[in-house]
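Structural features, examined
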Amino acid sequence: MTHHILLTFVAFVVSALCGFMMIPQIMNFCKSKNLYDIPNGRKVHKTAVPRLGGISFMPSMLLAFFLAVSVMDQITGTNQVTVSTWTCCFFISLLLIYGVGIIDDLIGLDAKTKFVVQIIAASLLPASGLFINNLYGFLGIHEIPFWLGAPLTVFMIVFIDNAINLIDGIDGLAGGLSFLALSGFLYCFINEGMFTYSILISGLMGVVLAYLYFNIWGDSSKNRKIFMGDSGSLTLGFILGFLFVKYAMYNPCVMPYHKDGLMISLTMLTVPMFDVVRVVIMRLRHRRPLFEADKNHIHHKLMRAGFSQHQALVCILILAVSFTLINTLLTIICNMGMTYTILIDIVIFFVFNYMVNKAIVQNNGLAFVVTEK
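Residues numbered from 1 in each chain as written. Predicted model: local features only at pLDDT ≥ 70, side-chain atom pairs only at ≥ 80, totals over all residues. Heavy atoms only, no water.

1. A few points about the pattern of salt bridges
We count it as follows: Put simply, a salt bridge is a Lys or Arg side-chain nitrogen that is within 4 Å of an Asp or Glu carboxyl oxygen. The helix count covers DSSP runs of H or I at least four residues long, the strand count covers runs of E at least two residues long, and both are numbered beginning at the N terminus. Relative accessible area decides the class of each residue, using a 1.4 Å probe on protein chains only: under 20% of the type maximum gives buried, over 50% gives exposed, and in between gives partly exposed.
Under the definition given, this model contains four salt bridges. The salt bridge partner of Asp104 is Lys114, with a shortest N-O separation of 3.3 Å. A residue pair is termed long-range when its members are at least 10 positions apart, and Asp104 in helix α3 (residues 85-106) and Lys114 in helix α4 (residues 111-127) qualify at 10 residues. Judged on exposure class, the residue Asp104 and its partner Lys114 are both buried.

Set out below in structure tokens:
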């Protein structure tokens, strides 16, 4: 087990080094081709910034993954990666998402086109046998059949993918929340002895860390600041959706039954998922188009309340960590059921938003921005 953990660390380092080498080259390429994210009334940044940072994610992750797995094969004398149907479907799906993200960053795609591709990509996973097959007592439901689990799986993957994509509104937020979620999944998969997945996760974490360095602390005046773009946020969201389903799916051949398997997966992504639900509800309430971008996400609200970008980032990351600690206390230590735990999470998120709304009003702002010119 020690050498498996060491190889997980090696994958992280290799991926981070790839990121630190690739991202400056991407920024230089963007400068030469004038590929920038231009500020407008909806966006927070005030200067033109390159938007192709996410292109580095998949190559760095896969290079680190296959290098570490090859070393593992030599050490153990076994083949750690079997070319199964779901493995092929996962990589085909990932390539679809990665590709549509790059196209959107380069020439632009409408939201409905991206949505259709997301559904197609997500549908390949249950078609290969990977789907949510147990709700672990949520609303009194336990095992569910394929005909119900398959569409639920597609919905959750597309939902998570869009949640990460939509919350990518200020420096470090989508990357930071994804890094925290990946850290949680890394611990879970190592704890289950599923080291192939652990290496894949750490391979992604390394390049995300490199990206965060340039995204948060980079100097745009020196062409050393970059955004991940849809190629990054969609890729991160899809992989997190895949990990969500993989850990939540009960398969006795892979890992033993855990009554908190689904709850743990949800906990990793509580903040972006809850924020999307809140924004959708507000758009429906105010009769706004669901696919229309606005400035009503949690980070926008915190900034209207008087927070700076970095203060809003820290506040949201603390909220995400708090949900992890609270849910761990409720489910593992207090043995609370999933239904009640989620209800408590909803109350906490509601109270948090209520306090932010009060701060916005005190700051002479509007809790909900109906129109953006």
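2. Points about empty space enclosed by the protein
Threshold: Method remark: on a 1 Å grid restricted to protein atoms, a set of points is classed as a cavity if a 1.4 Å probe fits but cannot get out and as a pocket if it is open with protein on both sides within 12 Å along at least five of seven lines; lining residues have an atom within 4 Å of a point. Grid points are joined across faces, edges and corners, and a volume is the space filled by probe spheres set on the points. Gly is placed with the polar residues, together with every amino acid not listed as nonpolar (Ala, Val, Leu, Ile, Met, Phe, Trp, Tyr, Cys and Pro) or charged (Asp, Glu, Lys and Arg).
This structure, assessed with the given rule, holds one cavity of 30 Å³ or more. The wall of the largest cavity is formed by Tyr136, Tyr247, Met249, Tyr250, Asn251, Met255, Pro256, Tyr257, His258 and Gly261. Of the residues belonging to the lining of the largest cavity, the class tally is seven nonpolar, three polar and no charged.

3. Focus on helix α10 (residues 270-285)
Definition in use: Expected span of a helix: the number of residues minus one, times 1.5 Å. Here, residues are in contact when the closest pair of their heavy atoms is within 4.5 Å.
Here α10 spans 22 Å end to end across 16 residues, near enough to the 22 Å set by a 1.5 Å rise per residue. Those residues of α10 lying buried are Thr270, Val271, Pro272, Met273, Asp275, Val276, Arg278, Val279, Met282 and Arg283. Where α10 is buried, its residues meet α5 (146-166), α6 (173-191), α9 (261-268), α11 (298-304), α12 (309-333) and α13 (338-362). Just past α10, the residue Arg287 takes up positive phi, approximately 55 degrees.

4. Quick word on the layout of surface pockets
Approximately 490 Å³ is the volume attributed to the second largest pocket. In terms of lining, the second largest pocket is formed by 27 residues, of which the most central are Gly184, Ile264, Met268, Thr324 and Thr328. No other element matches the eight residues that α6 contributes to the lining of the second largest pocket. The residue makeup of the lining of the second largest pocket, split by class, is 15 nonpolar, 10 polar and two charged.

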